[in-house]
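Working through the structure, step by step
Here is what each chain is made of, one letter per residue.
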Amino acid sequence: MTDTTSPAPGVADDAAAASALRAHVDALFPALQSDLESLVRIPSVSAAAFDQAHVAASADVVAALLRDAGLPDVQILRSARPDGSPGAPAVVARRLAPQGAPTVLLYAHHDVQPPGDAATWATDPFEPVQVGERLFGRGAADDKAGVMAHVGALRALAALGEDLAVGVTVFVEGEEESGSPSFLQFLTDHRDALEADVIVVADSTNWKVGVPALTTSLRGLVDGVVEVEVLGHAVHSGMFGGPVLDANTQLARLVATLHDDAGNVAVDGLVVGAEPEVDYDEAAFRADSGLLDGVRLAGEGTIAGRLWTKPALSVIGIDATSIAHASNTIAPRAAAKLSLRVPPGQDPAAAEDALRAHLEAHAPFGARVTWKPGEQGKAFHAVEDSAAMRAARAAFATAWGTEPVDIGVGGSIPFIADLLEVFPAAAILVTGVEDPDSRAHGANESVHLGELRKVVLAEALLLRQVAGLSGAPA
């Protein structure tokens, strides 16, 4: 592995090359947007309930884009999931490094979230529509814009006409939105092809439109289902109601114990980190989140701290009798899916143990409480003063004309822990194309096209700068 400790003189300050790259990105951008729109039209939802032929079609298109961008070795690969079934198709494209030069791995994913209720979208989720500077459509931001950022950077560098003195591997996953079940096996199966000095994960967000960001921390994840049972079978609500509380009510009482009166998570044994150095303006947060007027914010401390360095616990689904199918009976059981986000420094297994213990200790009226574990993912905290990080900050500052902000993100990218496990010497940079109004995973997802243009330029500049690094990525 090549050492990448300090930048070579003059590389980061090559204003002429930066200006030329900016012109190339501007000239290439209409075609880049058209290719993004074509990708968005493919409903590549990796969830098992959806047609996986679309995921395969998406992989084919991504492979063609990377081949056309000048990468000579392009493959569509799969690895086995833990249950033995084949994983979704991933694309790996490579251009080997010159002797002694570093290699950069560029990550994105081509699968998308389910569209949800079509009635909540202003447009067809899989028909891209531009309104002003924003392009709407499922995957337009998360993460097909990340795919096109890699493609665009390579196209711009090719147009510059230089021999790029860095190896480039592009890894575009096909099941990130389904929890990346084959990810670790994929890294193991293809370790030699994926090994790199610097890894750029293009699946995060910027601070706001006009201000770039580098994600230096991500919360980890624990999820699972808690089930409450009170009866062996449903009984008449008139004949037995009173002495017997229905399972829906019992579940509600149990869920209510998960937060204190101020809205802080009330589960003992969870880690709380230090307050971040930057904060999130409340008015901006309320606007970005769509919080209704009059709804108070939950929890205590800074908003950034509540998002990045403290645990968050949400009920993301409930199994209970629907109103349309309700009858005059006492429900014997009900269940809720819980999503617990944990800050850096928290072991997810210990967090799950603490959550399970809390639920069992707070079983209302002796109801039978059962915890069914789901996914776990480790939190991430980056080395903030590595040579690669300094190169990224310089590239972002040039592309945007303003210094980037180091941010945490309340969401989770569990596979980063897998990358660190398999490639412990690599410097990992978490970047992205999204902004607070992108609404990733929700209705009316969009990408700001002006920000995508800057991301393409920043990544092209970063690749040139990494080519001039020497030493280990510390």
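Anyway, here's the lowdown on the structure attached to this text.

What counts and what doesn't
- Residues numbered from 1 in each chain as written.
- Predicted model: local features only at pLDDT ≥ 70, side-chain atom pairs only at ≥ 80, totals over all residues.
- Heavy atoms only, no water.
- Helix = DSSP H or I, 4+ residues; strand = E, 2+ residues; numbered from the N terminus.
- Contact = heavy atoms within 4.5 Å.
- Axes fitted to C-alpha atoms, helices over the stretch in contact; angles between N-to-C directions.
- Parallel < 35°, antiparallel > 145°, perpendicular 65-115°, else oblique.
- Left-handed = near helix turned anticlockwise from the far one by under 90°.
- Nonpolar A, V, L, I, M, F, W, Y, C, P; charged D, E, K, R; others polar.
- Core = buried A, V, L, I, M, F, W, Y, C linked by side-chain atoms within 4.5 Å.
- Buried < 20%, exposed > 50% of the residue type's maximum accessible area, 1.4 Å probe, protein only.
- Expected span 1.5 Å × (residues − 1).
- Phe/Tyr/Trp six-rings, centres within 6.5 Å; stacked < 30°, edge-to-face > 60°.
- Pairing = 2+ DSSP bridges.

Relative to the helices and strands, P212 resides in the loop between strand 8 (198-205) and strand 9 (213-218). It is 20 Å that separates the C-alpha atoms of P212 and F380, two residues lying 168 residues apart in sequence. P212 has contacts with N206, W207, F396, W400, T402, E403, P404 and V405, leaving out every residue within four places of it along the chain.

Viewed as axis vectors pointing N to C, helix 2 (residues 53-68) and helix 3 (residues 144-160) meet at an angle of 20°, and their least axial separation amounts to 10 Å. In terms of orientation, helix 2 and helix 3 fall into the roughly parallel class. For helix 2 against helix 3, the interelement crossing comes out left-handed. Along the contact surface, helix 2 presents S58, V62, L65 and L66, while helix 3 presents K144, V147, M148, V151 and R155. The residue makeup of the contact of helix 2 with helix 3, split by class, is 6 nonpolar, 1 polar and 2 charged.

The next point concerns the nonpolar core. The biggest cluster of nonpolar side chains holds 99 residues, and the ones touching the most others in it are L66, V170, F171, I199, L419, V447 and L452. In terms of residue count, helix 13 (residues 449-466) provides more of this core than any other element does, 11 residues in total. Beyond its immediate stretch of four places on either side in the chain, L452 contacts F29, L36, A145, A149, V433 and V447. Among the nonpolar cores identified, the runner-up in size contains 23 residues, and L251, L313, A367 and V369 belong to it.

With that settled, consider helix 11 (residues 387-400). With 14 residues, helix 11 extends 20 Å between its outermost C-alpha atoms, agreeing within 8% with the 20 Å of an ideal straight helix rising 1.5 Å per residue. For helix 11, the tally of buried residues reaches 11 of 14 residues, placing the bulk of the element in the interior. All of the buried residues in helix 11 are A387, A388, M389, A391, A392, R393, A395, F396, A397, A399 and W400. Among the residues trailing helix 11, G401 stands out with phi positive, at a value near 75°.

Right, let's talk about the packing of aromatic side chains for a bit. A full pass over the atoms with the stated rule returns 10 aromatic pairs. Each ring, one from Y107 and one from F183, has its centre 6.3 Å from the other, and the planes form 75°; the classification is edge-to-face. Here Y107, found in strand 4 (residues 103-109), pairs with F183, found in helix 4 (residues 183-189); they are 76 residues apart in sequence, far enough to count as distant. The burial state of Y107 is the same as that of F183; both residues are buried. Consider the rings of F171 and F186, whose centres lie 5.0 Å apart with planes at 0°: the pair is stacked. In this pair, F171 is assigned in strand 7 (residues 167-173) and F186 in helix 4, connecting sequence segments 15 residues apart. Cluster of aromatic residues (ring-pair linked, three or more members): Y107, F171, F183, F186 and F415.

Our focus in this paragraph is the sheet that holds strand 12 (residues 312-319). What the 4 strands build is an open sheet, ordered 12-14-10-15; its pairing is antiparallel. Both edges of this open sheet fall to strand 12 and strand 15 (368-377), since each of them pairs with a single strand only. Across the sheet, the mean angle separating the axes of adjacent strands is 20° when strand polarity is ignored. Inspection of the sheet shows strand 10 (residues 220-229) paired to strand 14 (residues 333-342) by 10 bridges, in the antiparallel sense. Within the sheet, the bridge partner assigned to G224 lies in strand 14 and is L338. Lying over the sheet, helix 10 (residues 348-361) contacts strand 10, strand 12, strand 14 and strand 15, oriented at roughly 165° with respect to strand 15.

Overall, antiparallel pairing links the 3 strands, which are arranged 5-6-19 in an open sheet. On the outer flanks of this sheet lie strand 5 (129-131) and strand 19 (446-448), each paired with one strand and no other. Direction aside, neighbouring strands of the sheet carry axes that sit 25° apart on average. Here strand 6 (residues 134-136) runs beside strand 19; their pairing, made up of 3 bridges, is antiparallel. Paired with L135 across the bridge in strand 19 is V447. Packing of helix 13 onto the sheet brings it into contact with strand 5, strand 6 and strand 19, and relative to strand 19 it is tilted by some 65°.

Where helix 1 (residues 15-40) meets helix 13, the axes come as close as 9 Å, and the angle between the chain directions of the two elements is 130°. Between helix 1 and helix 13, the angle falls in the class oblique. Where helix 1 crosses over helix 13, the handedness of that crossing is right-handed. For the pair helix 1 and helix 13, contact is made by A17, A18, L21, R22, V25, D26, F29, L32, Q33 and L36 and by L449, L452, R453, V456, L457, A460, L461 and R464, respectively. Of the residues in the contact of helix 1 with helix 13, the class split is 13 nonpolar, 1 polar and 4 charged.

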